[in-house]
Amino acid sequence: MTSMELRQLRYFVAVAEELNFGRAAERLLIAGPSLSQQIKALERDLGVRLFDRDRRSVSLTPAGSALLPHTRDLLERAGDLQRRAGRLAGSEPVRLGYVNWLPPDLTTRAAAVAQLHIDAWIAPSHTQAARVADGSLDLAVCWVRTEDLERRGLHARLIGADRLYAVATGGGTGDVAARDTAVLLDNDTTSWSSWNIYAELLARDTSARAVRITDGGITGPAFFDHVRRSGRPVINSPKGQTTPLPPDLVRRPVVAPRIHWTWSLVRREGEDRPTVLALMDALCDGVGDLGLHSPDAWLPEGDPHL
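Colleague: Go over helix H3 (residues 32-46) with me, naming the residues and quoting the values.
Modeller: The end-to-end C-alpha distance of H3, which contains 15 residues, comes to 21 Å, matching closely the 21 Å that a straight helix rising 1.5 Å per residue would cover. Taken together, the buried positions of H3 are occupied by Leu35, Gln38, Ile39, Ala41, Leu42 and Glu43. Gly47 lies just past H3 and shows a positive phi near 80°.

Colleague: Give me the environment of Ala25: which residues, what numbers.
Modeller: Along the chain, Ala25 falls in helix H2 (residues 21-28). When its relative accessible area of 5% is taken as the criterion, Ala25 is described as buried. Note: C-alpha distance between Ala25 and Ser36 (eleven residues apart in sequence) is 9.0 Å. If we skip the residues at most four places from it in the chain, Ala25 touches Ile30, Ala31, Gly32 and Leu35.

Colleague: Can you lay out the nonpolar core for me, pointing to particular residues and giving the numbers?
Modeller: What tends to happen in soluble globular proteins is that the nonpolar side chains get buried as a cluster. Judged by nonpolar contacts, the single largest core of 59 residues is most densely connected at Trp195, Tyr198, Ile235 and Leu265. Among the elements that take part in this core, helix H8 (residues 189-206) stands out by supplying seven residues, more than any other. Grouped together as the second largest cluster of nonpolar side chains are 18 residues, Ala14, Phe21, Leu35 and Leu68 included.

Colleague: Describe the packing of helix H1 (residues 6-18) against H2, with residues and values.
Modeller: Relative orientation and spacing of two packed helices are given, respectively, by the angle between their axes and the distance between those axes. Remark: H1 packs on H2, axes separated minimally by 8 Å, with the N-to-C direction vectors making an angle of 130°. For the element pair H1 / H2, the angle class is oblique. H2 is crossed by H1, and the crossing has right-handed handedness. Contact residues: Tyr11, Ala14, Val15, Glu17 and Glu18 in H1; Phe21, Arg23, Ala24, Arg27 and Leu28 in H2. The class makeup of the residues in the contact of H1 with H2 is six nonpolar, no polar and four charged.

Thresholds applied
Numbering of residues starts from 1 in every chain and runs along the sequence as written. Restriction of local features to residues with pLDDT of at least 70 applies here, the model being predicted, together with a cutoff of 80 or more for giving and counting side-chain atom pairs; totals for whole chains, interfaces and linings are based on all residues. Think of the side-chain values as coming from all heavy atoms in the structure, minus any hydrogens and water. Starting at the N terminus, helices and strands are each numbered in turn, a helix being any DSSP run of H or I of at least four residues and a strand any DSSP run of E of at least two. Under the convention used throughout, the expected extent of a helix is 1.5 Å for every residue step, that is, one less than its residue count. The rule is simple: take the accessible area with a 1.4 Å probe, protein chains only, and divide by the maximum for that residue type; under 20% is buried, over 50% is exposed, in between is partly exposed. Any two residues having at least one pair of non-hydrogen atoms within 4.5 Å are treated as being in contact. In plain words, nonpolar cores are sets of buried Ala, Val, Leu, Ile, Met, Phe, Trp, Tyr and Cys residues tied together by side-chain atoms within 4.5 Å. Inter-axis angles, ranging from 0 to 180 degrees, are taken between N-to-C directions of lines fitted to C-alpha atoms, where helices are fitted over the stretch in contact. Working definition: roughly parallel below 35 degrees, roughly antiparallel above 145 degrees, roughly perpendicular at 65 to 115 degrees, and oblique for all remaining angles. Crossings are classed by handedness, with left-handed meaning an anticlockwise turn of the near helix from the far one by less than a right angle and right-handed meaning a clockwise turn. Under the scheme applied here, ten amino acids are nonpolar (Ala, Val, Leu, Ile, Met, Phe, Trp, Tyr, Cys and Pro), four are charged (Asp, Glu, Lys and Arg), and all others, including Gly, are polar.

Spelled out as structure tokens, the structure:
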């Protein structure tokens, strides 16, 4: 079958629909003898006879009838591939920014619909949302609230979520109630604006203890030092840790409620470019609920995915 070509499959479909080699040749704008030779070559490659033909009539064989719908489907998929490739070849790359998280199957999902350019500038959520609003980015994965979307003229869809946990001293790894945890807020609002808003709402709603810091210790070794001094398990931010958890500290699930951080894929409200819209669909379709609407789940006031 290595010599079989898509044009031969198109010839097969044309003859099957016309059941007349002369009419099919006219429709295909080729000579009748050439069409007949191509059909014979296809039959030889497939190893089956597709048509019964004599001087007066042409009819499909049982094998031809069985293969016809599959051939049409194959040609349709080939056409779809060509259309997608044409759109990609003629389109500008879609610029995507992010904070620290991207879906693991990002490139696979994006490949069929758009040329994806992942921006090298990793910035906080509020910065990435602002860059989408001013046109520096087409899309961004970030944390936003409904008021941010309305103020900046943005539209958001859920692309992912993290269930946050606490880091604690000691050997116990059991559940800890949110009211018995601490949550850090840093005075560097340029870097931690979104996290500070989230942490304040978490403390308000769950009675977790808000602890204000000035050393950037929301992540990294300074965070571990805050855990050791806290006396309470400390909520780990979705920024995560780039260094392994020290042996004297443990992870503990947070319950009552289970606290979640959402990742939105945001675009401009008036965005009308097909590649941007198609990429957003490709990345967000099928994401599901991610546990956000379970009875014991918590999201902060204003989260667009409440």
